[in-house]
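Residues per chain are reported as follows:
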Amino acid sequence: MGLFHCPFGVPYYDCEGCIDCGMCLATTKEQMIEASKIVREHLRSEQKENGATKKIAVCGKGGVGKSTIVVLLANVLLEEGYSIAVMDTDESNPGLSRLCGFDGEPAPLKDLLSQVPEEQSGPDAEWLRKDRIAFGDVPAEYVIEKDEFKFLMVGKIEDPFQGCACTMADLTRDLVKKLDTKEKEIVVIDTEAGVESFGRGVERSVDTVLVIVEPSFQSIALAERIHYMARGMGIKRIRAILNKVNSAQSEQKMIDELKKNNIAVLGTIGFDNEINEAGFEGRALGGESGAKNDIKQMMKALLAAG
């Protein structure tokens, strides 16, 4: 048995969906690197234009404002007449549902994990085994909604010795892949900080990656890593959003650094004290703000380019 997970979520070697890369059989770093080369070549061979913006992953370093921007994105898209599903896939950070304006949280999707295998065909998990899953297929206990705004939560690590989040990542990856978005429906995914989700293939089926970057060396360096990994997955629409920028000089320095790695900048959000206070107090990000207006312009550009 190898030491590495299948990047495509195939349950065992040589079954349907296996590309014979050998990742699941690799027992050394050298074997893993060779398998990775096969995976990347396979993804390049299948690489296509991303088409319309339907599934957006919001990524970046911890503390850069991913969750805040997820909520602003959702609110702007709702005002533009879209149906939005926000997926909280961060196993650590709490409170996203409050920022979205909901009073509570849905049941976490991780509750289904013991029912997902085929031999345990519990009725609550049957919808997960569909080839395509529409917004309306998700059982009511796992989604809270208001008008055209839906919120789902994969789950949190809440107890010591609970184990790693790999199974939750597998569930997220498979659900994102199967979600069948109709016209004027968009999924916005709040990912965990860093690049671990890319290592688990969570972003494999998204068409858009938005990297949130703050004015720091670590944030820019991580943005470069995310860009590299997203391109390796075959994702072409990768854009940086500069956040917490307090001067034109800082903005230009960030743009210049990102440009060195061919990372396109979608737009810039200056430091917004009202947004900062709302996040500190855990209250809904409603009403107008400079940050929301900035996001509105970015979304118009992104959707027009789709």
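Residues numbered from 1 in each chain as written. Predicted model: local features only at pLDDT ≥ 70, side-chain atom pairs only at ≥ 80, totals over all residues. Heavy atoms only, no water.

Looking at the nonpolar core
Alright, step 1. Met-87, Leu-109, Trp-127, Leu-175, Val-209 and Val-213 are the most contacted members of the largest nonpolar core, which totals 42 residues.
Alright, step 2. Ranked by residue count, the leading element in this core is helix 6 (residues 217-232), at 5 residues.
Alright, step 3. Dropping the residues within four chain positions of it, Trp-127 is found in contact with Leu-109, Leu-112, Ile-133, Asp-137, Val-138, Pro-139, Tyr-142 and Leu-175.
Alright, step 4. Core analysis: the second largest hydrophobic core is formed by 36 residues, Phe-151, Ile-186, Leu-285 and Leu-302 among them. (Core = buried A, V, L, I, M, F, W, Y, C linked by side-chain atoms within 4.5 Å. Buried < 20%, exposed > 50% of the residue type's maximum accessible area, 1.4 Å probe, protein only. Helix = DSSP H or I, 4+ residues; strand = E, 2+ residues; numbered from the N terminus. Contact = heavy atoms within 4.5 Å.)

Section: the confidence of the model for the chain
The predicted coordinates of low-pLDDT regions are not to be read in fine detail.
Alright, step 1. When pLDDT is averaged along the chain, the result is 83; 82% of the residues meet or exceed 70.
Alright, step 2. In the model, residues 119-123 has pLDDT below 50 throughout and makes 7 contacts with residues more than four positions away in sequence or in other chains. (pLDDT = per-residue confidence, 0-100.)

Quick notes on the pairing of strand 8 (residues 264-270)
Alright, step 1. Where strand 7 (residues 237-245) lies against strand 8, 5 bridges are found, and the strand directions are parallel. Considered in strand 8, the bridge of Ile-241 is made with Gly-267.
Alright, step 2. Taken together, strand 7, helix 7 (residues 248-259) and strand 8 constitute a β-α-β crossover, and its handedness is right-handed. (Pairing = 2+ DSSP bridges. Right-handed = clockwise from strand over helix to strand, strands pointing away.)

Quick look at the packing of helix 6 against helix 7
Alright, step 1. For the pair helix 6 and helix 7, interaxial distance at closest approach is 10 Å and the crossing angle is 30 degrees. Taken together, the axes of helix 6 and helix 7 lie roughly parallel to each other. The two elements helix 6 and helix 7 cross, and the hand of that crossing is right-handed. Contact residues: Ile-220, Ala-223 and Glu-224 in helix 6; Met-254, Glu-257 and Leu-258 in helix 7.
Alright, step 2. Along the lines of polarity and charge, the residues of the contact of helix 6 with helix 7 split into 4 nonpolar, no polar and 2 charged. (Axes fitted to C-alpha atoms, helices over the stretch in contact; angles between N-to-C directions. Parallel < 35°, antiparallel > 145°, perpendicular 65-115°, else oblique. Left-handed = near helix turned anticlockwise from the far one by under 90°. Nonpolar A, V, L, I, M, F, W, Y, C, P; charged D, E, K, R; others polar.)

Points about the sheet that holds strand 2 (residues 83-88)
Hydrogen bonds between backbone atoms are what pair the strands of a sheet, whose relative direction is either parallel or antiparallel.
Alright, step 1. Read across the open sheet, the 8 strands follow the order 3-4-2-5-1-6-7-8; overall the sheet is mixed. Taken across any chain shown, the strands that pair with only one partner, and hence form the sheet edges, are strand 3 (144-146) and strand 8. Across the sheet, the axes of successive neighbouring strands diverge by a mean angle of 20 degrees, strand direction being ignored.
Alright, step 2. Here strand 1 (residues 55-60) runs beside strand 6 (residues 208-213); their pairing, made up of 5 bridges, is parallel.

Structural notes on the environment of Asn-262
Alright, step 1. Mapped onto the elements, Asn-262 comes out in the loop between helix 7 and strand 8.
Alright, step 2. Here Asn-262 falls in the exposed class, since its relative accessible area comes to 66%.

So, the packing of aromatic side chains
Alright, step 1. Throughout the structure, instances matching the rule amount to 2 aromatic pairs.
Alright, step 2. Relative to Phe-149, the ring of Phe-102 has its centre 5.3 Å away and its plane inclined at 65 degrees; by these criteria the two rings are edge-to-face. Of this pair, Phe-102 sits in the loop between helix 3 (96-99) and strand 3 while Phe-149 sits in strand 4 (residues 149-153), and the two are 47 residues apart along the sequence.
Alright, step 3. Looking at Phe-102, the relative accessible area reads 9%, which means it is buried.
Alright, step 4. For Phe-149, a relative accessible area of 3% translates into the label buried. (Phe/Tyr/Trp six-rings, centres within 6.5 Å; stacked < 30°, edge-to-face > 60°.)

Let's talk about the packing of helix 2 (residues 66-79) against helix 9 (residues 290-305)
Alright, step 1. The contact between helix 2 and helix 9 brings their axes to 9 Å, and the two run at 65 degrees. Considered as vectors, helix 2 and helix 9 are oriented roughly perpendicular to each other. Judged by the twist between their axes, the crossing of helix 2 over helix 9 is right-handed. Here Ile-69, Leu-72, Leu-73, Val-76, Leu-77 and Glu-79 of helix 2 lie close against helix 9, whose contacting residues are Ala-291, Lys-292, Ile-295, Lys-296, Met-299 and Leu-303.

Remarks on the pattern of salt bridges
Alright, step 1. The full count for this structure, using the stated rule, is 13 salt bridges.
Alright, step 2. Residue Lys-296 pairs with Glu-79 through a salt bridge whose shortest N-O separation is 3.8 Å. You can see Lys-296 sitting in helix 9 and its partner Glu-79 sitting in helix 2, a full 217 residues away along the chain.
Alright, step 3. For Glu-79, a relative accessible area of 44% corresponds to the partly exposed category.
Alright, step 4. In this structure, Glu-257 and Lys-260 form a salt bridge, with 2.9 Å as the shortest nitrogen-oxygen distance.
Alright, step 5. Since its relative accessible area comes to 59%, Lys-260 is described here as exposed. (Salt bridge = Lys/Arg side-chain N within 4 Å of Asp/Glu carboxyl O.)

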